[in-house]
Amino acid sequence: MPELAYVNGLVTPVDEARVSIEDRGFQFSDGIYEVVRTHNGGFIDLERHLARLERSATMLDLALPMPLPELERVSREFYAQSALPEAIFYLQVTRGAAPRRHTAPPGLTPTLVMTVRAITQPPPERYTAITVPNNRWKLCACKSIGLLPAVLAKHAALRAGADEAVFVEDGLVLEGASDNFFAVKDGVVYTPDTDGRILAGVTRERVLEQLAERGARVEVGPLPLELARSADEAFITSSVLTVVPIVALDGRPVGDGRPGPVTGRAREDYWDFIRRTTA
Ligand SMILES: Cc1ncc(COP(=O)(O)O)c(C=O)c1O
């Protein structure tokens, strides 16, 4: 079965899918998206992802193409057609296609694009990261398709021989270019709050719930770069990566430079959850 795309109801192989050059996603990055992992033929936290999609839409005053329950049904039906048990499901909504003008005409039909791509490799065992100044806009709680700062940050990481870039502002670590950041020091797990400067990651939320279930000491709030630099462990979370240890930051080892036990347990707990929820 080929990797499939869905564009406003039309399902095709991915390389045959088309949208208009007048689409406001293409012209203005005027859209939002979600990325959902699947395992064993089932979605991981689809409801939470769609709830966030709705919050992103509200932030941009963007109409969703259909009510959320229907969007969930359409997503599930489309994914079922792919017959790919381990996949990355991508969903994007833009404000629609119209002659290029900043103001969108009223009543525009939103463009709904979905794809299903196979996952061919397990998540990485470890990552290295660099820090970069946070040069993003102020609506980082919105999962906008306008990702140029994240793209440039990833390019900078690649040039530095690292795997990921982490945004830093006012001496505080915010989040990775496409993931949330955690540090562990003296048995306490630290992660920044969802104060609008980061995306409220669905994986972050699950990991925090699991840490609470284990009775871990967790501090959600400002995470100084100095604390991250002197941490015993650090890790990132995302739907694509799940939980991945950060073993070096800006060329210096984090802790002893190896994945630590708290991170290992968080990753195992998250994968247990993945297996349970899709059994
Ligand atoms: C900036 C940013 N932060 C965090 C995340 C992680 O979010 P989630 O766990 O919902 O995949 C992403 C995912 O794409 C992201 O782009």
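Residues numbered from 1 in each chain as written. Predicted model: local features only at pLDDT ≥ 70, side-chain atom pairs only at ≥ 80, totals over all residues. Heavy atoms only, no water.

Things to note about a nonpolar patch on the surface
Here comes step 1: Together, Leu147, Leu148, Val151 and Leu152 make up a nonpolar patch on the protein surface, roughly 340 Å² of accessible area in all.
Here comes step 2: Within the secondary structure layout, Leu147 lies in the loop between strand E7 (127–133) and helix H4 (148–159).
Here comes step 3: Exposure remark for Leu147: the relative accessible area of 35% places this residue in the partly exposed category. (Patch = residues over 30% accessible without salt bridge, like charges linked within 9 Å, V, L, I, M, F, W, Y side chains within 5 Å. Areas by Shrake-Rupley, 256 points an atom, 1.4 Å probe, with all protein chains shown as cover. Salt bridge = Lys/Arg side-chain N within 4 Å of Asp/Glu carboxyl O. Helix = DSSP H or I, 4+ residues; strand = E, 2+ residues; numbered from the N terminus. Buried < 20%, exposed > 50% of the residue type's maximum accessible area, 1.4 Å probe, protein only.)

A few points about the domain arrangement of the protein
Here comes step 1: According to the domain assignment, the protein contains domain 1 (4–118) and domain 2 (127–277).
Here comes step 2: Centre-to-centre separation of domain 1 and domain 2, based on C-alpha positions: 26 Å.
Here comes step 3: Across the boundary between the two partners, domain 1 contributes 22 residues, which contact 25 residues of domain 2.
Here comes step 4: Around 2,000 Å² of area is buried between domain 1 and domain 2 when both sides are counted, 62% of it from carbon and sulfur atoms.
Here comes step 5: At the boundary of domain 1 and domain 2, one finds 3 salt bridges.
Here comes step 6: Of the charged contacts, one joins Arg206 and Asp45 as a salt bridge, the two residues approaching to 2.7 Å between their closest N and O atoms.
Here comes step 7: Counting every contact that joins domain 1 to domain 2 gives 9 residue pairs in polar contact (both at pLDDT 80 or more).
Here comes step 8: Counting residues per element, the ones that place at least two in the side of domain 1 that touches domain 2 are strand E3 (31–39), helix H2 (46–59) and strand E5 (87–94).
Here comes step 9: If one sorts the elements of the side of domain 1 that touches domain 2 by residue count, E3 sits on top with 7 residues.
Here comes step 10: Across the side of domain 1 that touches domain 2, the residue classes tally to 8 nonpolar, 8 polar and 6 charged. (Domains from an automatic or database assignment. Contact = heavy atoms within 4.5 Å. Buried area = accessible area lost by both parts, 1.4 Å probe. Polar contact = N/O pair within 3.5 Å; in protein donor to acceptor, adjacent residues only side chain to side chain. Nonpolar A, V, L, I, M, F, W, Y, C, P; charged D, E, K, R; others polar.)

Considering the site of the ligand
Here comes step 1: Residues in contact with the ligand amount to 18 residues; listed here are only the nearest, Lys143, Glu175, Val202, Thr203 and Ser239.
Here comes step 2: In this structure, Glu175 approaches the ligand through a side-chain N or O atom, which is 2.6 Å from a nitrogen atom.
Here comes step 3: At a separation of 2.7 Å, an oxygen atom of the ligand approaches a polar side-chain atom of Ser239.
Here comes step 4: Out of a free accessible area of 390 Å², the ligand has 92% covered by protein chains.
Here comes step 5: Secondary structure elements with two or more residues in the shell around the ligand: H2, strand E9 (172–176), strand E10 (179–185), helix H5 (202–213) and strand E13 (233–238).
Here comes step 6: Each residue belonging to the shell around the ligand can be placed in one class, and the counts come to 4 nonpolar, 9 polar and 5 charged. (Near = heavy atom within 4 Å.)

With respect to the pattern of salt bridges
Here comes step 1: The final tally for this structure, using the stated rule, is 23 salt bridges.
Here comes step 2: Two residues, Asp170 and Arg197, come together in a salt bridge whose shortest N-O distance is 3.9 Å. Highlighted residues: Asp170 in the loop between strand E8 (164–169) and E9 and Arg197 in the loop between strand E11 (188–191) and H5, separated in sequence by 27 residues.
Here comes step 3: With a closest N to O distance of 2.6 Å, Arg214 and Asp269 form a salt bridge. Remark: Asp269 occurs in helix H7 (residues 261–277) and Arg214 occurs in the loop between H5 and strand E12 (217–220); sequence separation between them is 55 residues.
Here comes step 4: Take Arg214: its relative accessible area is 52%, and that puts it in the exposed class.
Here comes step 5: Here the salt bridges share partners, and the residues they tie into one network are Asp45, Arg48, Glu205, Arg206 and Glu209.

Focus: the environment of Phe273
Here comes step 1: Considering the arrangement of structural elements, one finds Phe273 in helix H7.
Here comes step 2: The contact partners of Phe273, leaving out residues within four places of it in the chain, are Ile44, Asp45, Arg206 and Gln210.

Points about the packing of H2 against H5
Here comes step 1: Orientation of H2 relative to H5, taken along the N-to-C sense of each, is 130°, at an axis distance of 10 Å. Classified by the interaxial angle, the pair formed by H2 and H5 is oblique. Two packed elements cross with a definite hand, and for H2 against H5 that hand is right-handed. Taken together, the residues of H5 that come into contact with H2 (itself represented by Arg48, His49 and Arg52) are Val202, Glu205, Arg206 and Glu209.
Here comes step 2: Classifying every residue of the contact of H2 with H5 gives 1 nonpolar, 1 polar and 5 charged. (Axes fitted to C-alpha atoms, helices over the stretch in contact; angles between N-to-C directions. Parallel < 35°, antiparallel > 145°, perpendicular 65-115°, else oblique. Left-handed = near helix turned anticlockwise from the far one by under 90°.)

Section: the pairing of strand E14 (residues 242–249)
On a regular strand, one side chain projects to one face of the sheet and the next to the other, so that they alternate.
Here comes step 1: Where burial is concerned, most of E14 is hidden: 8 out of the 8 residues are buried.
Here comes step 2: Strand direction decides the pairing type here: E7 and E14, joined by 3 bridges, are parallel. Within E14, the position partnered with Thr128 by the bridge is Ala248.
Here comes step 3: Where E13 and E14 come together, 4 bridges link them in antiparallel fashion. What sits directly across from Ser238, in E14, is Thr242.
Here comes step 4: What sits between E13 and E14 in their antiparallel hairpin is a turn of 3 residues.
Here comes step 5: Of the pairings in the sheet, the one linking E14 to strand E15 (residues 252–253) comprises 2 bridges and is antiparallel in character. (Pairing = 2+ DSSP bridges.)

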